[in-house]
Amino acid sequence: MSIYPEYFYHKTLVNCTKVFGTLFNDISIKRYTKAGKAKKAMKVRLTYSPVDKLLERVTRDPNLNKKTAMNLPIIGFELSGMNFDTSRKNNSKNKRFNNHDGDNTKSMFEPIPYNLNWTVHIMCDKREDGLQIIEQIIPFFNPSLNIPTKLVYDDMGEVDDVIVTLNDVSPEDDYEGSAQDREIVRWTLGFTMKMNFFHPVISEASIIKKIQTNLITSNDPQAKAGGDKTQINTTPGLTAEGKPTTKSADSVPASDIDQDDDYGFIDEFLDIGVGSE
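The model shown is predicted, which means the values in this text are computed figures rather than measured ones.

Comments concerning the overall build of the protein chain
Now for step 1: Counting secondary structure elements, the protein chain contains 3 helices and 14 strands.
Now for step 2: Every one of the 277 residues in the protein chain was classed for burial, and the buried ones make up 35%.
Now for step 3: Taking the contacts inside the protein chain whose residues are at least 6 apart along the sequence as the reference set, 66% of them involve residues at least 24 apart.
Now for step 4: Split by element, the accessible area of the protein chain, about 17500 Å² in all, is 49% carbon and sulfur.

Quick look at the pattern of salt bridges
Between side chains of opposite charge, a pair can form when the charged atoms approach closely.
Now for step 1: Enumeration according to the criterion identifies 5 salt bridges in this entry.
Now for step 2: When the shortest N-O distance is used, the salt bridge between Arg31 and Asp129 registers 2.7 Å. In this pair, Arg31 is assigned in strand β1 (residues 28-32) and Asp129 in helix α3 (residues 127-135), connecting sequence segments 98 residues apart. Pair check on accessibility: Arg31 and Asp129 agree, each one buried.
Now for step 3: A salt bridge links Lys194 to Asp85; its shortest N-O distance comes to 3.2 Å. Linking Lys194 in strand β10 (residues 185-197) with Asp85 in the loop between β4 (74-84) and β5 (95-101), this pair joins segments that are 109 residues apart in sequence.

Describing the nonpolar core
Now for step 1: Ranked by size, the top nonpolar core spans 28 residues in total, and within it Ile122, Phe191 and Met193 carry the most contacts.
Now for step 2: Sorting elements by how many residues they give to this core places β10 first, with 6 residues.
Now for step 3: The contacts of Ile122, once residues within four sequence positions are left out, are Ile74, Ile75, Ile133, Ile134, Ile137, Val185, Arg186, Trp187 and Leu189.
Now for step 4: One finds Leu54, Leu72, Met123 and Ile184 within the second-largest nonpolar core, a separate group that totals 6 residues.

Section: the environment of Asp125
Now for step 1: Here Asp125 lies in the loop between β7 (112-124) and α3.
Now for step 2: Sequence separation of Asp125 and Leu72 is 53 residues, and the distance between their C-alpha atoms is 6.3 Å.

So, the pairing of β1
Now for step 1: Side chains Ile29 and Arg31 project from β1 onto a buried face, and the interleaved Ser28, Lys30 and Tyr32 project onto a face without burial.
Now for step 2: Taken together, the 5 bridges between β1 and strand β2 (residues 38-43) define a ladder with antiparallel strand orientation. Looking at β2, one finds that Ser28 is bridged to Lys43.
Now for step 3: Counted along the chain from β1 to the antiparallel partner β2, the turn is 5 residues long, and its residue Gly36 has a positive phi close to 85°.

Side note on the side chain of Asn196
Now for step 1: Turning to its location among the elements, Asn196 is positioned in strand β10.
Now for step 2: In terms of polar contacts, Asn196 uses its side chain to reach the side chain of Arg88, at 3.4 Å.

Remarks on unusual backbone geometry
Most peptide bonds take the trans configuration, and most residues that are not glycine carry a negative phi.
Now for step 1: Across the junction of Leu72 and Pro73, the peptide omega takes the value 5°, indicating a cis bond.
Now for step 2: Mapped onto the fold, Pro73 is located in the loop between α2 (51-58) and β4.
Now for step 3: In this model, Asn142 is joined to Pro143 through a cis peptide bond whose omega is -5°.
Now for step 4: If you trace the backbone, Pro143 turns up in the loop between α3 and β8 (144-152).
Now for step 5: In the Ramachandran plot, Lys11 falls in the positive-phi region, its phi being about 60° despite a non-glycine side chain.

Focus: the environment of Phe265
Now for step 1: Residue position: Phe265 is located in strand β14 (residues 264-275).
Now for step 2: Along the primary structure Phe265 and Thr246 are separated by 19 residues, whereas in three dimensions their C-alpha atoms are 5.3 Å apart.
Now for step 3: Beyond its immediate chain neighbours, meaning those up to four positions away, Phe265 contacts Thr234, Thr235, Gly237, Thr245 and Thr246.

Points about the environment of Ile133
Now for step 1: Examined against the element boundaries, Ile133 turns out to sit in helix α3.
Now for step 2: Separated by 11 residues in the primary sequence, Ile133 and Ile122 have C-alpha atoms spaced 8.2 Å apart.

Reading the values: the criteria
Residues numbered from 1 in each chain as written. Predicted model: local features only at pLDDT ≥ 70, side-chain atom pairs only at ≥ 80, totals over all residues. Heavy atoms only, no water. Helix = DSSP H or I, 4+ residues; strand = E, 2+ residues; numbered from the N terminus. Buried < 20%, exposed > 50% of the residue type's maximum accessible area, 1.4 Å probe, protein only. Contact = heavy atoms within 4.5 Å. Areas by Shrake-Rupley, 256 points an atom, 1.4 Å probe, with all protein chains shown as cover. Salt bridge = Lys/Arg side-chain N within 4 Å of Asp/Glu carboxyl O. Core = buried A, V, L, I, M, F, W, Y, C linked by side-chain atoms within 4.5 Å. Pairing = 2+ DSSP bridges. Polar contact = N/O pair within 3.5 Å; in protein donor to acceptor, adjacent residues only side chain to side chain.

Next comes the structure, spelled out in C-alpha cells:
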C-alpha cells in the first residue's frame, strides 16, 4: 500500500538550508596594522560542505603562495542530523486552511515537528579572524533566534516561526607538523533548528456562503402528515464599511465577503405553503 498516491514536494529541507545559510552570508573581517589601523576588509566566504571535505580542500597545498590552496577564513556548514520533536506535536487531525485563492479553500493536516541539527565550521589561518567572526554570531543567539519563514510557498502561503538555537561553541587548533605547514584555527558551532515537515495540500470545496434550511410544522412526530413549511436562507452580512449586519438591505453581496471578514448572519424566512407526504 502506498503512503500517498500522488506526487508532492514542498522543498522544505532546501528552504531550511537557505534560511540557515543566509544567517552567515554577510560576515566580514578586517585586518589591522601593528598600530591598530584597519588596512583591509574582506567578506568571509560561505559554503555548504562537510568538515572533512572542507579541511582537505584547505590543506591541499601548504604553500600559501599558490592559488590551489583555499583562501581563509571560510565558513562551512552542514546538516548533521534530524529528529522528531515530541514537545511540539499537535493533534494530527487538525487542519490548516488557506482561502486566498478566491472562494476556493486549500488545506493540509497539521505539520510534523522536527529538529534539524546543523554544524558550522569556521576555519582561519589567523586567530583574530576567528575571534571577529565568532563575535559577529554569538550576540544574536540568546540562545535562540526566531525567524518568521514561509516554508510552503506556492500552495498555502504559510508563515512558520523557525527557531534556531546555538547549543555549543568549540575552538580547536589544527597546527601540526613543521614550521612550514599551514596553521589552521577552527571553531565548531552546533545549532538546532525547530521546523516542520508538511503534508500534501488538499483542494477543498468552495466556501459555503448560503445555508438553506427547510422547516415543517406538523402534529405528526415524523412530519409526514403535512403542515406549514418554512424555508430559512442564511447568508453572511457585512456593510460597505466592513461592519457585521443582520439586515439584507445594508449588506454587500455575499460573493464580496471573505472568510476572514467580521460578518454577521442574515436569516431570510420564506413561507412556501403546506407540506405533503
